Amino acid sequence: MADEKHLNVNEEMNPKPRHKGKHDKPKPWDDPSIDHWKIEKFDPSWNESGLLEVSSFSTLFPQYREKYLQECWPIVKGALKEHGIACELNLVEGSMTVSTTMKTKDPYIIVKARDLIKLLSRSVPAPQAVKILNDEMQCDIIKIGSMVRNKDRFVKRRQYLVGPNSSTLKALEILTGCYILVQGNTVSAMGSFKGLKQVRRIVEDCIQNKMHPLHHIKILMLKRELAKNPALASENWDRFLPQFKKKNVKQKKVKTKEKKPYTPFPPPQPPSKIDQQLESGEYFLSDKKKLAKQWEEKQVKQAEKVAENKKKREEAFVPPEEPKRHNQDVSNVDKDDVTAMASSLKKKAKEFRKQKSIDKIDAEEFIAGSSKTSKKKSKSSR
């Protein structure tokens, strides 16, 4: 007993080192050569006994799909029969039903069959919809009808996804590796999980007006080019990707009504017809006087209407106003011009005469002993 106590004390004083990874022993599946994301094809030998319970799913389809579903139902039935799934097309109720049978081995195939009938009801062609039964193929039906209230905006944004001649949709299909179909209030997509995630984000951003699909296409193209470079595989790509800014678009200002101050009392009751008659004194008049008064009011209204109609008829015979001629103003201007011209001509005439008189001066008159002066003198002496 003493030895046991001594051992316990030693263990308490010097405890054994506990290994952190006591249960972290090497597992057979911890091998880098194994791809854990790989989806293996189902082998019927894994579930030889089959399923114990019957599982079934049903979905409604629109009336316009009825004719097409009748034509392609043998293809769908044959594809589901390979996997041991029974299917039924009910044209009375407008529904499609799939259910497991005794031959069904794969427990997940019923979920795939449910997706198949959903895709068929959303206008996906039967040859394309049947591909969903493959293990590698997944589907996503995005509901876009409730994202926008305004119908015109919804139609416009849905058209952005499709693009001119479905060019935007084709580009998205190539870049994401998914089949995309825009139909009514939904967008049906088929592909890998990664591609479906990208498609959902692009669709939601477009319908909610966050980013145009063309911007997403540019980003996806750049990411594809960057993925080819092994040096940039472990780096952050945000610096290489473009940043798109949202443009400010002028929106209509919503007219807000001014809030009236709150009062606990209700508004005053409008006066009734009897109250109005009591105020005017009409209530106490006899029937004869009332009729006479009504007739007078009618006559007054009639006279006003007649005068108004007469005025309208006479307006057609009123001659239009003649354009005013500015003769008086023009004559005044002309008179001023004529006087100015006359004064200038007079001045020029005076200057011309002076010049002429200067030109006619004879030099001989100022020369001494000239013949003319002597003649004049001789005449004066006589």
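Residues numbered from 1 in each chain as written. Predicted model: local features only at pLDDT ≥ 70, side-chain atom pairs only at ≥ 80, totals over all residues. Heavy atoms only, no water.

*Asks:* So what's going on with the pattern of salt bridges? Residues and values would help.
*Replies:* All told, the structure shown has 5 salt bridges when counted by the stated rule. Between Arg 200 and Asp 140 there is a salt bridge, with the nearest N and O atoms lying 2.9 Å from each other. Separated by 60 residues along the polypeptide, Arg 200 in helix H7 (residues 193-207) and Asp 140 in strand E4 (residues 138-143) bring together distant segments of the chain. For Asp 140, a relative accessible area of 17% gives the class buried. Lys 228 is the salt-bridge partner of Glu 225, the closest N and O atoms lying 3.4 Å from each other. Of this pair, Glu 225 and Lys 228 both sit in helix H8 (residues 213-228), 3 residues apart, which is roughly one turn of the helix. (Salt bridge = Lys/Arg side-chain N within 4 Å of Asp/Glu carboxyl O. Helix = DSSP H or I, 4+ residues; strand = E, 2+ residues; numbered from the N terminus. Buried < 20%, exposed > 50% of the residue type's maximum accessible area, 1.4 Å probe, protein only.)

*Asks:* Summarise the side chain of Arg 157; cite the residues concerned and give the values.
*Replies:* Along the chain, Arg 157 turns up in helix H5 (residues 151-162). Comment: no salt bridge for buried Arg 157; closest opposite-charge side chain is Asp 205, at 11 Å. (Lys, Arg positive; Asp, Glu negative; His and termini not counted.)

*Asks:* Tell me about unusual backbone geometry, residues and numbers included.
*Replies:* In the Ramachandran plot, Ser 123 falls in the positive-phi region, its phi being about 70° despite a non-glycine side chain. Here Ser 123 falls in the buried class, since its relative accessible area comes to 14%. In this structure, Asn 209 takes a positive phi of about 65° despite not being glycine. Residue placement: Asn 209 occurs in the loop between H7 and H8.

*Asks:* An account of the packing of helix H2 (residues 66-82) against helix H3 (residues 109-121) is needed here, citing residue identities and associated values.
*Replies:* Where H2 meets H3, the axes come as close as 12 Å, and the angle between the chain directions of the two elements is 165°. Taken together, the axis directions place H2 and H3 in an arrangement best described as roughly antiparallel. The two elements H2 and H3 meet at a crossing, and its hand is right-handed. For the pair H2 and H3, contact is made by Leu 69, Val 76 and Leu 80 and by Ala 113, Leu 116 and Leu 120, respectively. Residues belonging to the contact of H2 with H3 are distributed by class as follows: 6 nonpolar, no polar and no charged. (Axes fitted to C-alpha atoms, helices over the stretch in contact; angles between N-to-C directions. Parallel < 35°, antiparallel > 145°, perpendicular 65-115°, else oblique. Left-handed = near helix turned anticlockwise from the far one by under 90°. Contact = heavy atoms within 4.5 Å. Nonpolar A, V, L, I, M, F, W, Y, C, P; charged D, E, K, R; others polar.)

*Asks:* Please provide a residue-by-residue account of the sheet that holds strand E1 (residues 56-60), values included.
*Replies:* The 3 strands lie next to each other as E1-E3-E2, forming an open sheet whose pairing is antiparallel. Sheet topology places E1 and strand E2 (85-90) at the edges, where each strand pairs with a single neighbour. Put simply, the sheet's adjacent strands are angled 15° from each other on average, direction ignored. Strand direction decides the pairing type here: E2 and strand E3 (residues 95-100), joined by 6 bridges, are antiparallel. Within the sheet, the bridge partner assigned to Asn 90 lies in E3 and is Ser 95. Each of E2 and E3 touches H2; the most contacted strand, E2, lies at about 165° to it. Sheet strands in contact with H3 are E1, E2 and E3, and its direction is about 170° off that of E3. (Pairing = 2+ DSSP bridges.)

*Asks:* Describe the sheet that holds strand E6 (residues 186-191), with residues and values.
*Replies:* Strand order in the open sheet formed by 3 strands is E4-E6-E5, with antiparallel pairing between adjacent strands. Each edge of the open sheet carries a strand with a single partner, namely E4 and strand E5 (179-183). The average undirected angle you get between the axes of adjacent strands in this sheet is 15°. Bridge count for E4 against E6 is 6 bridges, and the pairing is antiparallel. The residue bridging Ile 141 from the neighbouring strand is Ser 188, located in E6. On the sheet, H7 packs against E4, E5 and E6 and is oriented at approximately 10° with respect to E4.

That's the geometry; what it means functionally is another story.
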